[in-house]
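# Structural overview for review
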Amino acid sequence: MRWADLLVFLPAPYRLVAFPFAALFHHLRASGRLSLTARYIFLLAGGCLLAGTAMGSYAVLLLIPAAGSVLILLSVSPTRAHTWVFALQMSWQTLCHLGLSSQELDPQDARPAIALSAIMLLTQKATSLALDIHEGVVPLQLGQGLLQRALPLCSYLLFFPALLGGPLCSFSRFRAQAESSWALPCPLRAAGQRCLGALALQGLRAGLAGGLAGRQGCAGLGCLPHVWARALLLRLAYYQHWVLDEALLEVAGFGPEAGQGDLSVRNLWTLETTHRLAVFARTWNKSTSRWLRRLVFQRCSAQPLLATFAFSAWWHGLRPGQIFGFLCWAVMVEADYRIHPFLSARATSQGVKLLYRGTTWVFTQLIIAYILVAVETESFSMLCLLWTSCNSILPLSYSFALLLLAKKPKQN
């Protein structure tokens, strides 16, 4: 099952079923009827139940690395915790990606894809927690018993509001929200607004999908708007996905801090109006972007941008389309850093500035569409068709411009 199909499938029924349990948890916590241990057990049991319901027997693929990461965090020194957790999570996730992709699975069975998605999110949480421990942000209290130390860690890695979606919540914020009891604001209004936004996005997707269904292919330069429309359909699916994720977290009382979620109205406006590929890359899936920046970009001394996008391709599964798409994205962002200072310095009049911004906005939209379609391409033959089509004109032009402007100063 492709990621686009998965995004359509996930909101119903599993996320919607989790909403009542999230509201129940928030009510019981606010009323003081749950002790701290009971809250952690409620969140953990809900995650295990949701995993079993949504993934069936594939839930084992999620529970094994979660248990392994907790054992490492409890037994390895803080200075080595990140290395061991990172090695375990990425090795296991890669084996799952390769193993499931090599099998002939029922294309209508979404359980393997849901399990892989949950394992990817688990990798985010486990490595983020391990970095916090390594950097001393989260000290492990060695004086407590084993159960008291393990339960919050297990609950964080598997708590049900964030099992199937993001945004990434730090362990410190998770623990603070789980332990708070009094004066909790009612989250239903904020969650309801997000759900209405998800319905509006669903309406836009349905209308766009209906328009695309009536078209019988394309040829030449006419493929450019066709690919752009396909990519817009994918983006709307991701937007709906992120809005529902944040609504579920809001209902449970684990809503992200202001500006820390994956999608706000301001983020949506930025994504659809920016004329800079670099700005789009930083704003797209913001919690994952921050995680990649902390995990790879800030820790890599040589070619951190290329390393970050290469690791993102690895994390997503290393299919040919993903490798090509993310490496292409890295080249496009590097070119963006040099093209825009060069052009903006020559856009002196108001009319030229408008022409510059309008043209580069169109270029950004078409290049992002090209990258998204490439990442979603599953077969090598379809990737070759995309590469040899007219859609490659702009990425090749940006690559050529990068070669010409390689010695020019870049603007981050």
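Residues numbered from 1 in each chain as written. Predicted model: local features only at pLDDT ≥ 70, side-chain atom pairs only at ≥ 80, totals over all residues. Heavy atoms only, no water.

This is how the line gets drawn: UniProt positions are given in the numbering used here, feature names are shortened, and annotations may be inferred rather than shown by experiment.
Named according to an unreviewed UniProt entry, the chain is MBOA4 acyltransferase originating from Calonectris borealis. Entered under Subcellular location (unreviewed entry) in the UniProt record, the comment concerning the chain runs "Endoplasmic reticulum membrane".

## Some remarks on empty space enclosed by the protein
Once rolled over the atoms, a probe with the size of a water molecule shows which space is left empty. For clarity, the threshold we go by: Definitions used for this entry: grid spacing 1 Å over protein atoms alone; cavity, a set of points where a 1.4 Å probe fits but cannot get out; pocket, an open set with protein on both sides within 12 Å along at least 5 of 7 lines; lining residue, one with an atom within 4 Å of a point. Grid points are joined across faces, edges and corners, and a volume is the space filled by probe spheres set on the points. The secondary structure listing takes helices from DSSP runs of H or I that are at least 4 residues long and strands from runs of E that are at least 2 residues long, numbered from the N terminus. When residues are sorted by character, Ala, Val, Leu, Ile, Met, Phe, Trp, Tyr, Cys and Pro go into the nonpolar class, Asp, Glu, Lys and Arg into the charged class, and all the rest, Gly among them, into the polar class.
For the structure on display, the rule yields three cavities of 30 Å³ or more. Here the largest cavity defines a volume of roughly 70 Å³. Around the largest cavity sit Leu224, Val227, Trp228, Leu366, Ile367, Tyr370, Asn391, Leu394 and Pro395, which together line it. Of all the elements in the fold, those that place two or more residues in the lining of the largest cavity are helix H10 (223-252), helix H16 (350-376) and helix H18 (393-404). Class assignment of the residues belonging to the lining of the largest cavity gives a composition of eight nonpolar, one polar and no charged.

## Some details on the packing of aromatic side chains
The condition is simple: Each aromatic pair joins two rings of Phe, Tyr and Trp (for Trp, the six-membered one) with centres within 6.5 Å, and gets the label stacked for planes under 30 degrees apart, edge-to-face for over 60, and tilted for any other angle. Three exposure classes are used, based on accessible area relative to the maximum for each residue type with a 1.4 Å probe and protein chains only: buried under 20%, partly exposed in between, and exposed over 50%. The rule is short: NZ of Lys or CZ of Arg within 6 Å of the ring centre and within 35 degrees of the ring normal puts a charge over the ring.
Taken as a whole, this structure holds 27 aromatic pairs when the rule is applied. Their ring planes at 15° and their centres at 6.5 Å tell us that Tyr156 and Phe159 sit as a pair that is stacked. Note on accessibility: Tyr156 and Phe159 belong to one class, buried. Seen in terms of ring centroids, Phe326 and Trp329 are 6.2 Å apart; in terms of plane orientation they differ by 20°. Their pairing is stacked. With Phe326 and Trp329 both in helix H15 (residues 320-344), this residue pair falls three residues apart, about one helical turn. Accessibility classification places Phe326 together with Trp329 in one group, the buried group. We note Arg29 situated over the ring of Phe254; from NZ or CZ to the ring centre the distance is 5.6 Å. Here the basic side chain of Arg346 rests over the ring of Phe342, its NZ or CZ set 3.8 Å away from the ring centre.

## Quick notes on helix H5 (residues 78-102)
Our working rule: One less than the residue count of a helix, multiplied by 1.5 Å, gives the span that helix is expected to have. A contact between two residues is defined here by any heavy atoms of the two lying within 4.5 Å.
With 25 residues, H5 ought to run about 36 Å at 1.5 Å a step, and its terminal C-alpha atoms sit 37 Å apart, in line with that. Every buried residue of H5 is listed here: Ala81, His82, Val85, Gln89, Met90, Gln93, Thr94, Cys96, His97 and Leu100. In this structure, the buried side of H5 is in contact with helix H4 (60-75), helix H6 (111-134), helix H13 (286-295) and helix H14 (304-316).

## What about H6?
Counted at 1.5 Å a residue, the expected span for H6 with its 24 residues is 34 Å, and the 34 Å between its end C-alpha atoms agrees. For H6, a buried count of 22 out of 24 residues is recorded, marking the element as mostly surrounded by other parts of the structure.

## Some thoughts on the environment of Trp228
Examined against the element boundaries, Trp228 turns out to sit in helix H10. The class of Trp228 is partly exposed, set by a relative accessible area of 28%. Distance from Trp228 to Leu372, taken between C-alpha atoms, is 9.5 Å for residues 144 residues apart in sequence. Sequence-distant contacts of Trp228, defined by excluding residues within four places in its chain, comprise Arg235, Gln365, Leu366 and Ala369.

## Some remarks on the packing of H15 against H16
Test applied: Helix axes are fitted to C-alpha atoms over the stretch in contact, other axes to C-alpha atoms as well, and angles between N-to-C directions run from 0 to 180 degrees. Roughly parallel here means an angle under 35 degrees, roughly antiparallel means over 145, roughly perpendicular means 65 to 115, and every remaining angle is called oblique.
In contact at an axis separation of 8 Å, H15 and H16 are set at 170° when each is read in the N-to-C sense. Taken together, the axes of H15 and H16 lie roughly antiparallel to each other. Listed contacts from H16 to Gly321, Gln322, Phe324, Gly325, Phe326, Cys328, Trp329, Met332, His340, Leu343 and Ser344 of H15 are Tyr356, Thr360, Ile367, Ile368, Tyr370, Ile371, Ala374 and Val375. Of the residues contributing to the contact of H15 with H16, the split by class is 13 nonpolar, six polar and no charged.

## Observations regarding the packing of H13 against H14
So the rule is basically this: Each crossing gets its handedness from the near helix: less than a right angle anticlockwise from the far helix is left-handed, clockwise is right-handed.
Where H13 contacts H14, the two axes come as close as 10 Å, and the packing angle between them is 120°. Relative to H14, the crossing made by H13 is right-handed. Residues Thr288, Trp291, Leu292 and Leu295 of H13 form the contact with H14, whose participating residues are Thr308, Phe311, Ser312 and Trp315. Across the contact of H13 with H14, the residue classes break down as five nonpolar, three polar and no charged.

## Some points on the UniProt feature "transmembrane region" (unreviewed entry) in the chain
As annotated by UniProt and renumbered to match this structure, "transmembrane region" (unreviewed entry) occupies residues 6-28, 40-61, 354-373 and 385-406. Taken end to end, residues 40-61 is 82% helix and 0% strand, and its first and last C-alpha atoms sit 22 Å apart. Structurally, residues 354-373 is divided into 100% helix and 0% strand, and its ends, taken at the C-alpha atoms, are 29 Å apart.

## Describing the side chain of Gln365
Note that Gln365 resides in helix H16. Residue Gln365 is classed as buried on the basis of its relative accessible area of 4%. Not counting residues up to four positions away in its chain, the partners in contact with Gln365 are Trp228, Arg235, Leu271 and Glu272.

## What about the pattern of salt bridges?
Basically, it comes down to this: Salt bridges are defined as contacts in which a side-chain nitrogen from Lys or Arg sits within 4 Å of a carboxyl oxygen from Asp or Glu.
Inspection of every chain in the model, using the stated rule, returns eight salt bridges. Residue Glu250 pairs with Arg194 through a salt bridge whose shortest N-O separation is 3.4 Å. Placement of Glu250 in helix H10 and of Arg194 in helix H9 (residues 188-213) is noted, with a sequence separation of 56 residues between them. A salt bridge links Arg338 to Glu334; the nearest nitrogen and oxygen atoms lie 2.5 Å apart. Here Arg338 and its partner Glu334 are both found in helix H15, four residues apart, which amounts to about one turn of the helix.

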